[in-house]
Every structure is written in structure tokens, then in C-alpha cells.
Amino acid sequence: MRLWDVRAGLQALQTLGALAEQTRAALARRIQGESLPENAQATLHSALDHLSEVREGFILSLRTAAVLSFAELRALVERVLMDWSAWEAAGFRFLPSFQLARPGDQVFFFHHAYIAMGVLPRLPDHAVTFPHQRRPTYADIPVPSTPGEVLDRIEEMEHVVWVAENADLEAVPPDSVRRTYAFFEASAWLVATELARWRGRPAGGSS
């Protein structure tokens, strides 16, 4: 995506917002024990791909100054680096590349996700739709405050979406499911709000 191209940026936001809303809807069906049609299964697969890019964006964006302790830095390095020894033992050889790979949309996706995590506890009541919840609020869901906590949340969401696509959500802790659902709800709300500002009308306005 060409970040200096306003139209491309708005189109990326629209696509991201649609995926977030469709993922929220698919998770709602799975939370209520419903099976998913093929298109909803495809949505969850796309959401998993998106979260993988969010994770890559996190890695590309991380600066050591943001990590408060050496122990956390070491743990992060161990979690994001891949052990190639098994591949080398199988006979694969990796030659050095002399070309730098330019980051794509990963950094954009991560920063949007990071903002959504921060907005989530402050979503207005009318935007909260988690099934079977007595009071419409996510105020109790903490905002990740360290790089390790951010990576934990990304990995948690990856796990929940994978289970929702492939298995029974009852095997996942309810709080993890709620945090993941809330994230996609916050992401969709954030996109709708920002696009409404660009178009100069209230977020609830018709398209």
C-alpha cells in the first residue's frame, strides 16, 4: 500500500473495517454455538492471516527503548525468532540475500490494531454487542502496557480465531474469547468512526 496515496489509504481502511465487522459477526455465531457457512469460515481464515500481519508489524515496529527490562527483551527475542536448526538438519541451506525486503502493510495493520486495543475499554455502550453480556461495556478489559503484553494479546487472538475456525470455542477460556471479540468490534468501530470523519458526517450516517 502506498501510504502517501489518500485513496489507497481510505480503501485499505474500508477493507480492514469490513473484515473486522465480518469477523465479529462470525465469532458471535460461534459463541452462540452456531455452525458457520463457508463464507464465514473464509472470513475467519482471512482474519487469521490479518493477525499474522499484525504480529509482523509488531516485530518490525518494536524498538528496544520500549522494553523496560532485559528479561522481557530476551523473552521477546526468543518468541519472535525462528529456530532454523531442524531445517538445516534436513539438508536445507539458506543463502544470504543482498536485497532488503520492504515492509508492506504490516506496520499499518499493527498500528491500527494497537490503537484498537487502546480504544477498546472506552467503546460507547451502543457499540458493544458481546452476546449474553449483562452490561454493554469492555471497560474491564485492560490495555496492554508493555511489548510483551501486546504480543500476548496478539497471540491470544490468533489462538481464538484459529479455534473458532477449526474447533469448539468451549475449549478456550471465556475471557480470551471476549477479548478477541471485543478487539474486532473496536477495530470495526474505529474504522467506521474515522471514515465518517473523512466524509464529514456522523459515524452512524448512511453510506
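Being a predicted model, the structure only gives us computed values, none of them experimental.

Caption draft 1: Fine view of helix α2 (residues 38-61). Compared with the 34 Å implied by 1.5 Å per residue over 24 residues, the 35 Å span of α2 between its first and last C-alpha is a close match. Turning to α2, its buried residues number three or more, namely Ala40, Thr43, Leu44, Ala47, Leu48, His50, Leu51, Val54, Arg55, Gly57 and Phe58.

Caption draft 2: Quick peek at the pattern of salt bridges. Counted according to the given criterion, the structure contains six salt bridges. Linking Arg29 and Glu34 is a salt bridge whose minimum nitrogen-to-oxygen distance equals 3.2 Å. Owing to a relative accessible area of 34%, Arg29 belongs among the partly exposed residues under this scheme. You can call Glu34 partly exposed: its relative accessible area is 34%.

Caption draft 3: Representation of the nonpolar core in the model. Counting 43 residues, the largest nonpolar core has Tyr138, Phe183 and Phe184 as its most contacted members. For Phe184, the contacting residues outside a window of four places in its chain are Ala20, Thr23, Arg24, Leu27, Ala47, Leu51 and Val161.

Caption draft 4: Focus on the environment of His159. The residue His159 is located in helix α6 (residues 147-166) in this model. The exposure class of His159 is partly exposed, given its relative accessible area of 44%. Residues His159 and Val172, spaced 13 residues apart in sequence, show a C-alpha to C-alpha distance of 8.6 Å.

Caption draft 5: The arrangement of the packing of α2 against α6 in detail. Axis separation between α2 and α6 bottoms out at 9 Å; the angle between their running directions is 165 degrees. Here α6 runs roughly antiparallel to α2, going by the angle between their axes. The handedness of the crossing between α2 and α6 comes out as left-handed. Contact with α2, carried on its side by Gln41, Leu44, His45, Ala47, Leu48, Leu51, Ser52, Val54, Arg55 and Phe58, involves Pro147, Val150, Leu151, Ile154, Glu155, Met157, Glu158, Val161, Trp162, Ala164 and Glu165 of α6 and no other residues of that element. Grouping the constituent residues of the contact of α2 with α6 by class yields 14 nonpolar, three polar and four charged.

Caption draft 6: Region of the structure containing the packing of aromatic side chains. By the definition in use, this model includes five aromatic pairs. Relative to Phe110, the ring of Phe58 has its centre 5.7 Å away and its plane inclined at 65 degrees; by these criteria the two rings are edge-to-face. Of this pair, Phe58 sits in helix α2 while Phe110 sits in helix α5 (residues 106-119), and the two are 52 residues apart along the sequence. By relative accessible area, which is 3% here, Phe58 ends up buried. Between Phe110 and Tyr114, the ring centres sit 5.7 Å apart and the planes meet at 20 degrees, which makes this aromatic pair stacked. Of this pair, Phe110 and Tyr114 both sit in helix α5, four residues apart, roughly one helical turn.

What counts and what doesn't
- Residues numbered from 1 in each chain as written.
- Predicted model: local features only at pLDDT ≥ 70, side-chain atom pairs only at ≥ 80, totals over all residues.
- Heavy atoms only, no water.
- Helix = DSSP H or I, 4+ residues; strand = E, 2+ residues; numbered from the N terminus.
- Expected span 1.5 Å × (residues − 1).
- Buried < 20%, exposed > 50% of the residue type's maximum accessible area, 1.4 Å probe, protein only.
- Salt bridge = Lys/Arg side-chain N within 4 Å of Asp/Glu carboxyl O.
- Core = buried A, V, L, I, M, F, W, Y, C linked by side-chain atoms within 4.5 Å.
- Contact = heavy atoms within 4.5 Å.
- Axes fitted to C-alpha atoms, helices over the stretch in contact; angles between N-to-C directions.
- Parallel < 35°, antiparallel > 145°, perpendicular 65-115°, else oblique.
- Left-handed = near helix turned anticlockwise from the far one by under 90°.
- Nonpolar A, V, L, I, M, F, W, Y, C, P; charged D, E, K, R; others polar.
- Phe/Tyr/Trp six-rings, centres within 6.5 Å; stacked < 30°, edge-to-face > 60°.

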